[in-house]
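Coordinate analysis (summary)
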Amino acid sequence: MSGPLRAAATTVVVAGLVLVGGATPAEAATSYSAPLRTAVKSLPVAAENNVGYDRDRQFGGWNDANRDCQNTRAEVLQNESRASTGFTTAARCTVKGGRWVTTWDGRVHTSATTVQIDHTVPVHEAWGSGARYWTKARRVAFYNDLGDHRALSAQTSALNSAKQARGPEAWMPPRNRCGYVGEWVAVKIRWGLKVDTTEKAALTRIVASCPNVSLTVRRV
């Protein structure tokens, strides 16, 4: 998948919050739609359990689903670039440059080396919130989810490193917080992940001061 911002799959409505996401190809999906605060209330609660977590063994890494030599990182960089992307070689496999405006801080980047691809819901969080019961294939699909713009995004490397595996109860970006929380909730719903009590309390508190926008998600 390449092209600007995956326009065919998503719609941006309020403060950078992506409200409509596409389904992963060849996977059965159902649609969920509700106001943001209602969506937060609907999230099922369970204690987080991270026993046995091993990122590489359980989730793998970036793959190249369409076999065009560009892995998931390269696809996201191309989709989010606001200018034509350049590549490191004539084979056009690895993105070198473009123009990215990272939503967490509003910074403009022209080198791919200054951004990382963030999993909105980190894989460690996903494992503890329900992914430990999935098949390996489903976990790999989560890791490489190009079907919904909210799942993966290019962000300033230092901020992504600061976030690590923390959720909104422990870390929030300096900008676009309502949009970020909406994306977090959307990914949890999309993949059927649970929240723990501290996480749900934080989400409830944050969205109380955000626009109560309509959130639409395609479950997988």
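Above this note sits the structure.
Report follows, based on the coordinates.

Definitions and cut-offs
- Residues numbered from 1 in each chain as written.
- Predicted model: local features only at pLDDT ≥ 70, side-chain atom pairs only at ≥ 80, totals over all residues.
- Heavy atoms only, no water.
- Helix = DSSP H or I, 4+ residues; strand = E, 2+ residues; numbered from the N terminus.
- Contact = heavy atoms within 4.5 Å.
- Phe/Tyr/Trp six-rings, centres within 6.5 Å; stacked < 30°, edge-to-face > 60°.
- Buried < 20%, exposed > 50% of the residue type's maximum accessible area, 1.4 Å probe, protein only.
- Disulfide = S-S within 2.5 Å.

Inspection of the secondary structure puts Ala39 in helix H1 (residues 36–42). Note: C-alpha distance between Ala39 and Thr204 (165 residues apart in sequence) is 9.9 Å. Beyond its immediate sequence surroundings of up to four residues, Ala39 is in contact with Tyr32, Ala34, Val185, Ile189 and Leu215.

Now for the packing of aromatic side chains. Taken as a whole and judged by the stated rule, the model has eleven aromatic pairs. Aromatic side chains Trp62 and Tyr143 sit 4.9 Å apart centroid to centroid with 55° between the ring planes, which places their arrangement in the tilted category. Residue Trp62 is located in the loop between helix H2 (55–59) and helix H3 (72–80), and its partner Tyr143 is located in helix H5 (residues 136–143); the two are separated by 81 residues in the primary sequence. Judged by relative accessible area, Trp62 falls into the partly exposed class, the value being 28%. Connected via pairs of aromatic rings, a cluster forms that spans Tyr53, Phe59, Trp127, Trp134, Phe142 and Trp191.

Another point: the state of the cysteines. A full pass over the atoms with the stated rule returns two disulfides. In this model Cys69 forms its disulfide with Cys93; the gap between the sulfur atoms is 2.1 Å. Measuring the twist about the S-S bond at about -110°, one finds the Cys69-Cys93 disulfide to be left-handed. Placement of Cys69 in the loop between H2 and H3 and of Cys93 in the loop between strand S4 (86–87) and strand S5 (95–101) is noted, with a sequence separation of 24 residues between them. For Cys69, a relative accessible area of 33% gives the class partly exposed. The class for Cys93 is partly exposed, based on a relative accessible area of 22%. For Cys178, the disulfide goes to Cys210, at an S-S distance of 2.0 Å. Looking along the S-S bond of the Cys178-Cys210 disulfide, the torsion reads about -90°, which is the left-handed sense. Placement of the pair is Cys178 in helix H7 (residues 177–191) and Cys210 in the loop between helix H8 (197–207) and strand S9 (214–218), with a sequence separation of 32 residues. Residue classification places Cys178 among the partly exposed residues on the basis of a relative accessible area of 22%. Looking at the protein, its bonded cysteines, counted consecutively from the start of the sequence, adopt the pairing 1-2, 3-4.

Let us now look at the side chain of Glu199. Counting through the fold element by element, Glu199 comes out in helix H8. In contact with Glu199, other than residues within four places in its own chain, are Glu125, Glu169, Trp184, Lys188 and Lys194.

By themselves these figures say nothing about function.
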